[in-house]
Amino acid sequence: MAELEPAISARGVCKDFGGFEVLRDIDLDVATGTTTCILGPSGSGKSTFLRCLNWLEEPSAGDILIQGKPIGRTGLGRDAKRMARNELAAARTSIAMVFQHFALWPHLTVLGNVAEAPVHVLGRPRHEVEAEGRAILARVGLAEKADAYPHTLSGGQKQRVAISRALAMKPKVILFDEPTSALDPEMVGEVLAVIRGLAQDGLTMVVVTHEMAFARKVADTIVFMDAGRVREVATPHDFFANPQSERTKRFIARS
Amino acid sequence: MTWPAIRTILDGALVTAALSAISILLSLPMGLLLALLRWRRIPVIEGLLAAFVTIVRATPFVTLVLFVYFVMPAIGLELDPVPAAILALTANTAAFSSEIWRAALQAFPRDQREAAIAFGMTDTKVFTRIVFPQIWRASLGPLVSEVTILLKCTPAVAVIGVVEITRAASRVGAETYEPLPPFLLATLIYTVLIAVLVRSQRVIERRLARRMGLTPL
Ligand SMILES: Nc1ncnc2c1ncn2[C@@H]1O[C@H](COP(=O)(O)OP(=O)(O)OP(=O)(O)O)[C@@H](O)[C@H]1O
Ligand SMILES: [Mg+2]
């Protein structure tokens, strides 16, 4: 079998905010069909890295490739020209994102949120998208909420809508930034169960999380970040049973 | 009051309503455009627009009308009284409403915009699909108050000879030596015009609230 391109890869990604280095030379490949969990202490740059993957933040150096194609720049390396804004927008359609605070669009119904980008960005026919959207909502247990507005939902329901919105794009990768951190404890389980189901279906996902038990069960790969660097990339088993660095050991012990 | 006297005032009412309607339709989108351009922070343009807004907001409306009618011809813009009145009203309300739009744009949740960008929307799409449908609702109340102020500014255009409600009423009062009836009628018409505006605002707000399952305010 031919070597599969990684769904997403980061090469030498650096980011600084006004001279303050947040990401230092990060390399990471995410294989198609796998779930990668990014762990690390607060402020280690996890969110920033995730946001560089779809160029919500522009990396100060390094390349991001989606199935081998650069995003953000028209080629590789620092000298490559930036993509035109509409080109970048188009490139982003293959990467969906789920945010910590849901970021639903409150003026649209649940189904409206799910159908918005497929209809208005991808230009697909509304009836088709809505039929798919209803199926996705049914799958995350929200069939009867299709016509409700976001403000009537619980946090857990909102996050499941946000996941449905991501799925409706049929993206190559879904990025999750602490999808359960803003939830009441009793709602964490329902959202993690949905993400776990997606992992079992073989979606490609990158999940920043503080939920160790979840990472252990669901991740194919665990990435440990600290102070803007990737300190360790391992299978969950190796990561928890046999951590390579002192820093990792302390992090695991503390969580 | 005789029928011709009433007709004079009603004609004035028509002028007031038409001036206001046209100026509202022009100034609100212009105010939004001003706000959007300033939001972009384009170096020189930002400064010019800020100066325009500051000056127009600081200038008494009568002065603005006189300026448009008597000073603009010097720079080659010669207007009849009615277009001059519309231009003055539009400039005034565009400047004031741009501040309302600007506040709404600044208060717009960043995470919603980011989500839209992350899902591949271009700037235009983000604005038309996500931002605008929300900010016009949020700004409806302040915009309607701005528009009632516009309506109440209209008598100032009498200084360049446009006969609107107030001018018509005082004319009738002067001719008949009975100012009370024409001014009562004038007041009644203003009240109706403003009531129509406020009422439409309520209806729109209530409809939106009902659709979204919110309790009406
Ligand atoms: N827009 C910004 N401007 C300046 N500094 C920033 C910006 N965004 C993030 N930072 C800084 O970058 C560092 C990494 O932040 P980031 O949010 O990526 O960390 P994180 O690992 O996601 O942390 P947490 O677990 O708390 O979410 C922090 O020190 C933060 O203060
Ligand atoms: Mg974070």
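Fair warning: this is a prediction, and the values are worked out from it, not measured in the lab.

Note that A21 of chain B resides in helix α1 (residues 3–39). Put simply, A21 of chain B and L150 of chain B are 129 residues apart on the chain and 10.0 Å apart in space, counted from C-alpha to C-alpha.

Take the pairing of strand β1 (residues 8–17) of chain A next. Residue and element names in this part refer to chain A. Of the strand pairs in this sheet, β1 and strand β2 (residues 20–30) are connected by seven bridges, and their pairing is antiparallel. In the strand pairing of β2, A10 is matched with L28. In textbook terms, the turn of a hairpin is the stretch between consecutive antiparallel strands, and for β1 and β2 this stretch comprises two residues, one of which, G18, has a positive phi near 55 degrees.

Another point: the UniProt feature "transmembrane region" (unreviewed entry) in chain B. The feature "transmembrane region" (unreviewed entry), as annotated in UniProt, sits at residues 12–36, 48–72 and 180–198 of chain B in this numbering. With 100% helix and 0% strand, residues 180–198 of chain B has its two end C-alpha atoms placed 27 Å apart.

Residues given the UniProt feature "domain: ABC transporter" (unreviewed entry) here are residues 8–252 of chain A. Taken end to end, residues 8–252 of chain A comprises 37% helix and 24% strand; its first and last C-alpha atoms sit 27 Å apart.

For helix α5 (residues 155–167) of chain A, built from 13 residues, the straight-helix expectation of 18 Å at 1.5 Å per residue is met to within 8% by its first-to-last C-alpha distance of 18 Å. For α5 of chain A, the set of buried residues is G155, G156, Q157, Q159, R160, V161, A162, I163, S164, R165, A166 and L167 of chain A. Of the surrounding secondary structure, the elements contacted by the buried residues of α5 of chain A are β6 (95–98), α3 (110–120), α4 (126–139), β7 (173–177) and α6 (185–200) of chain A together with α5 (110–118) of chain B.

Within the structure shown, the criterion is met by 23 salt bridges over all chains. Among the salt bridges present, the one from R126 of chain A reaches E130 of chain A, with a minimum N-O distance of 3.0 Å. Of this pair, R126 of chain A and E130 of chain A are both found in helix α4, four residues apart, which corresponds to roughly one turn of the helix. One salt bridge connects R102 of chain B with E99 of chain B, and the closest N-O pair in it is separated by 3.8 Å. Here E99 of chain B and R102 of chain B lie together in helix α4 (residues 81–107), a separation of three residues that amounts to about one turn. R102 of chain B sits in the partly exposed class, given a relative accessible area of 22%. A residue is classified by how much of its surface remains accessible, and E99 of chain B, at 23% relative accessible area, is partly exposed. Within the structure, one salt-bridge network assembled from shared partners comprises R38, R41, E46, R57, E99 and R102 of chain B.

Thresholds, definitions, all that
Residues numbered from 1 in each chain as written. Chains lettered and ligands numbered in written order. Predicted model: local features only at pLDDT ≥ 70, side-chain atom pairs only at ≥ 80, totals over all residues. Heavy atoms only, no water. Helix = DSSP H or I, 4+ residues; strand = E, 2+ residues; numbered from the N terminus. Pairing = 2+ DSSP bridges. UniProt positions renumbered as here; feature names shortened; annotations may be inferred. Expected span 1.5 Å × (residues − 1). Buried < 20%, exposed > 50% of the residue type's maximum accessible area, 1.4 Å probe, protein only. Contact = heavy atoms within 4.5 Å. Salt bridge = Lys/Arg side-chain N within 4 Å of Asp/Glu carboxyl O.

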